[in-house]
Amino acid sequence: MGRASTDTDADVIVVGGGPGGSATAFHLARHGVNVLVLEKADVPREKVCGDGLTPRAVKQLVAMGVDIEGEGWTRNRGLRVIGGGVRLELDWPDLSSFPNFGLTRTRLDFDEILIRRATEQGAVLQTGATVTGPVYDHATGRVVGVEALCGPGKESRTYRAPLVVAADGVSGRFPLAMGMAKRADRPIGVAVRRYYKSPRHNDEYLESWLELRGKNDTEKLLPGYGWIFGMGDGRVNVGLGVLNSSVDFGKSNYREMLVDWMGATPPDWEMNDEANADGPIMGAALPMGFNRVPHYARGVLLVGDSGGMVNPFNGEGIAYAMESGALAAEVAVQALAEKDAARRERTLQFYPVELKARYGGYYRLGGWFVKLIGRPEIMRFATKHGMPHPTLMRFVLKLLANLTDQRGGDAMDRVINAMTRVVPAV
């Protein structure tokens, strides 16, 4: 292993150079696999994201050898939750399985850092390559490569490999070209975000707003939830998200909502003045709870947003993209070592089985959670009666952020782990 055969371009082709694709490529290349990453944009490039990284994501960064002590990384100690007239600061749990701190970093260069770690291990990156669809072996029906439009002239080119990883994000154009559409019965959200210059840029906590009010009508609640993340560079990342369980989903102008919410913030935050806005408002979908399956079919593994792996509880996607990328790489390495085609296929089938075991019950709980909080009366009740109880909220933080020790944890860990095991997996 380590060199593709003469009639292929790589052992594995990774479609997409975001966090999921980069993590996949890094772990593959680290094990000597010849891997080619095809990315449609140049890097660095801007992407829509909250820029807030929980301890789950930090763990994956450490595993990739990323220098998180360098310039541009800002640590946070936990989550500040605001709602029901209560302001509660919750530190990240002290666990053996995860670090006890989070980070913020702009997506403008975050993805570049990750893909460079992959190329340092030997992965080959080709930018300006827009993958348009799969190449099939007509005798077996398996995907044996991809078609792409490359370079400034968008010249058509075929790349071949025995395995393909689709890490092409929310759009999922590659699995869509294979006939793998999104599932309408799984949760999905829409998020918008913008940077503002603000003295709050060095905040030690990620901030989550359970209730949003506008400047024109402070009595009326705006739909959705909001966040404010200090970036440590003079700016904050501000955004809001709306879930498809809300009656307002798809019916509101989310960009206007964001400006309205910012207009109601205190003047000393300097976010109610459009002159302090840094860049446009950008938006993206949040594909949640395995909303595209199967995660392996015909020689293709889906990673991250392409497979709908965003956490329904908190909208976190980067950690799960990187975790699924690491798992996909582990499975692919084992499969490529098999000489027998039937055994190779059996090994690849382990990927969706393990994903379901890891996240299936948890995402099912998340789907129920999304339906509940989509009802304003339930959200108001939960905020009013839950926020004043710090112990309960620490439990909620562990549940929403999926941060528990599987062995040797405390009572909260054992309850959450038991819940995810007994609930039927999605």
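Residues numbered from 1 in each chain as written. Predicted model: local features only at pLDDT ≥ 70, side-chain atom pairs only at ≥ 80, totals over all residues. Heavy atoms only, no water.

1. Looking at the pairing of strand β2 (residues 35–39)
The criterion, for reference: Think of it in three bands: residues with accessible area under 20% of the maximum for their type are buried, residues over 50% are exposed, and the middle band is partly exposed, with areas taken using a 1.4 Å probe on protein chains only. A run of DSSP states H or I qualifies as a helix once it reaches four residues; a run of E qualifies as a strand once it reaches two. Both are numbered from the N-terminal end. Only strands that DSSP links by at least two bridges are regarded as paired with each other. The definition of a right-handed crossover adopted here requires that, viewed with the strands pointing away, the path from the first strand over the helix to the second runs clockwise.
Across the five residues of β2, five count as buried, placing the element largely inside the fold. Side chains Val35, Val37 and Glu39 project from β2 onto one buried face, and the interleaved Leu36 and Leu38 project onto a second face that is buried too. Bridge count for strand β1 (residues 12–15) against β2 is four bridges, and the pairing is parallel. When the bridges of β2 are listed, valine 12 appears paired with valine 35. In this fold, β1 hands off to helix α1 (residues 19–30), which returns the chain to β2; that crossover is right-handed. Alignment of β2 against strand β8 (residues 124–127), held across four bridges, turns out to be parallel. Considered in β8, the bridge of valine 37 is made with leucine 125.

2. Some points on the pairing of strand β17 (residues 225–230)
For β17, a buried count of five out of six residues is recorded, marking the element as mostly surrounded by other parts of the structure. Alignment of strand β14 (residues 205–209) against β17, held across three bridges, turns out to be antiparallel. Bridging from a neighbouring strand, tryptophan 209 pairs with glycine 226 of β17. Relative to strand β18 (residues 235–243), β17 runs antiparallel, the two being bridged by six bridges. In the sheet register, tyrosine 225 faces β18, and the bridge partner there is glycine 241. Remark: four residues form the turn of the hairpin made by β17 and β18, two consecutive strands paired antiparallel; glycine 232 in that turn has positive phi of roughly 75 degrees.

3. Description of the packing of helix α2 (residues 55–63) against helix α6 (residues 318–336)
Definition in use: Axis lines are fitted through C-alpha atoms, for helices just across the contact stretch, and the angle between N-to-C directions can take any value from 0 to 180 degrees. Put simply, angles under 35 degrees are roughly parallel, angles over 145 are roughly antiparallel, angles from 65 to 115 are roughly perpendicular, and the rest are oblique. Two helices that cross are described as forming a left-handed crossing if the nearer one is turned anticlockwise from the farther one by less than a right angle, and a right-handed crossing if clockwise. Whether two residues are in contact is decided by their heavy atoms, any of which lying within 4.5 Å being enough. For this classification, Asp, Glu, Lys and Arg are treated as charged, while Ala, Val, Leu, Ile, Met, Phe, Trp, Tyr, Cys and Pro are nonpolar and the rest, including Gly, are polar.
Put simply, α2 and α6 touch, their axes get as near as 8 Å, and they point 40 degrees apart. What the angle tells us is that α2 and α6 run oblique. Our pair here, α2 against α6, has a crossing hand that is left-handed. On the side of α2, the interface is formed by Arg56, Ala57, Gln60 and Leu61, while α6 contributes Ala319, Tyr320, Met322, Glu323 and Ala326. Class assignment for the residues of the contact of α2 with α6 results in six nonpolar, one polar and two charged.

4. Observations regarding the nonpolar core
So the rule is basically this: Working definition of a nonpolar core: buried Ala, Val, Leu, Ile, Met, Phe, Trp, Tyr and Cys residues. They are joined through side-chain atoms within 4.5 Å.
Core analysis: the biggest nonpolar cluster contains 60 residues, and Leu28, Leu61 and Tyr351 have the highest contact counts within it. Per-element tally for this core: the top contributor is α6, with 12 residues. Leaving out residues up to four positions away in the same chain, tyrosine 351 has contacts with His295, Tyr296, Leu301, Leu302, Val303, Met309, Ser324, Leu327, Ala328 and Val331. Counting 21 residues, the second-largest nonpolar core is a separate cluster that includes Leu88, Met288, Val310 and Met393.

5. What to know about unusual backbone geometry
In this model, valine 43 is joined to proline 44 through a cis peptide bond whose omega is 5 degrees. One can find proline 44 in the loop between β2 and β3 (52–53). Of note, the phi angle at lysine 154 is positive, near 50 degrees, even though the residue is not glycine. Among the secondary structure elements, lysine 154 is positioned in the loop between β10 (143–150) and β11 (155–160). For glutamate 270, which is not a glycine, the phi torsion comes out positive at approximately 65 degrees. By the secondary structure assignment, glutamate 270 is in the loop between α5 (254–263) and β19 (277–287).

6. Some points on the packing of α6 against helix α8 (residues 350–373)
Between α6 and α8, the shortest axis-to-axis distance is 9 Å and the interhelical angle comes to 155 degrees. Judged by the inter-axis angle, α6 sits roughly antiparallel to α8. For the pair α6 and α8, the sense of crossing is right-handed. Here α6 contributes Tyr320, Glu323, Ser324, Leu327, Ala328 and Val331 to the contact with α8, which in turn contributes Phe350, Tyr351, Glu354, Leu355, Arg358, Tyr359, Tyr362 and Tyr363. Partitioned by chemical class, the residues of the contact of α6 with α8 number 10 nonpolar, one polar and three charged.

7. As for the sheet that holds strand β21 (residues 300–302)
Strands sit in the order β8-β2-β1-β12-β21-β20 across an open sheet of six strands; the sheet is mixed. If you trace the sheet from one side to the other, it starts and ends with β8 and β20 (296–297), each paired once. Where β20 meets β21, two bridges bridge the pair, whose relative direction is antiparallel. Looking across to β21, one finds that tyrosine 296 is bridged to leucine 301.

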